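Per-entry structural report
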Amino acid sequence: MVVDDFGGEPGQTVRNYRFKDPLSSLWEDISTLPELFEISCKNRCDRVFLGIRRLIAREVETSEDGKVFEKLHLGDYEWKTFGQTLEAVCSLVLVWFRLVTSLRNVTPFLHTREEWFIALQGYFRRNVTVVTIYSSLGEEALCHSLNEICALCPWQPTNKK
C-alpha cells in the first residue's frame with residue numbers, strides 16, 4: 001500500500017509491488033484499462049470470452065429449518081468472442097454517449113453479467129467514474145451506498161412530484 005496525494009486529497013492506493021511507478025505496465029504504450037481491453041480483444045478476436053447461461057426455470061424451496069432457497073435451472077453456455085464483445089462495447093459507446101454527452105459519474109445497479117461488463121467497458125472508454133452497487137447488498141447497505149454517492153455528486157436528487 002502506498003500513501004499518496006491524488007486530486008488534492010491524501011489517500012492510499014494499492015498497486016502491484018513489482019512496479020515502482022504506479023503507472024507502469026507490462027505492455028508498451030498502454031496506460032489505461034480501455035487501451036488494455038482493446039488490444040486484448042484485437043489480439044484474441046476469435047477466441048471465446050464471455051460465457052452466458054440463459055435462465056430456463058426458477059424454483060423456490062423451503063428447507064426444514066425454514067430457510068428459503070431459490071434454485072435456478074440454466075441452459076448451456078452461449079459464448080461471445082473477444083471481437084464480438086469489443087464490437088458491443090463500441091456500439092454502446094457510439095449510441096449511448098451521443099445521447100448523453102455530459103455523463104461524468106454513474107452508479108450501475110446491475111447483476112454481474114454480460115450487460116454489466118459491456119457497460120463498464122463503455123464507461124471506461126469515456127473516462128466516466130463508476131461506483132458499482134451490487135444487488136446482493138441488502139436494503140440498509142444499499143441506502144448507505146446511495147447516500148454516500150449522492151454526497152459526491154455535483155447535483156442532488158430531489159423529491160419533486
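Just above, that's the structure.
Below: a short report on this structure. Position numbers for residues count from 1 along each chain, tracking the sequence in the order it is written. For a predicted model such as this one, the threshold for reporting local features is a pLDDT of at least 70, and the threshold for listing and counting side-chain atom pairs is 80 or more; totals across whole chains, interfaces and linings nevertheless cover every residue. For the side-chain quantities, the full set of heavy atoms in the structure was used; hydrogens and water were omitted.

What about the overall build of the protein?
Helix and strand assignments come from DSSP, with helices taken as H or I runs of at least 4 residues and strands as E runs of at least 2, each series counted from the N terminus. Scanning the protein from terminus to terminus reveals four helices and six strands. Walking the protein from its N terminus toward its C terminus, one meets helices and strands in the order β-β-α-β-β-α-β-α-β-α. Think of it in three bands: residues with accessible area under 20% of the maximum for their type are buried, residues over 50% are exposed, and the middle band is partly exposed, with areas taken using a 1.4 Å probe on protein chains only. Considering the protein as a whole, with its 161 residues, one finds that 21% of them fall into the buried category. It only takes one pair of heavy atoms within 4.5 Å for two residues to be counted as in contact. Within the protein, contacts between residues separated by at least 24 positions form 53% of all contacts whose residues are at least 6 apart in sequence. Computed with a 1.4 Å probe, the accessible areas rest on the Shrake-Rupley method; for each residue, only the protein chains presented here act as cover. Here the protein has roughly 12800 Å² of accessible surface; of this, 54% comes from carbon and sulfur atoms.

A word on a nonpolar patch on the surface
Residues Val48, Tyr77 and Trp79 make up a contiguous nonpolar surface patch of about 350 Å² in total accessible area. Relative to the assigned elements, Tyr77 resides in strand E4 (residues 68–81). The class for Tyr77 is partly exposed, based on a relative accessible area of 49%. A patch is a set of surface residues, each over 30% in relative accessible area and not in a salt bridge, joined within 9 Å for like charges and within 5 Å for the nonpolar side chains Val, Leu, Ile, Met, Phe, Trp and Tyr. In the sections that follow, a salt bridge refers to a side-chain nitrogen of Lys or Arg positioned within 4 Å of a carboxyl oxygen of Asp or Glu.

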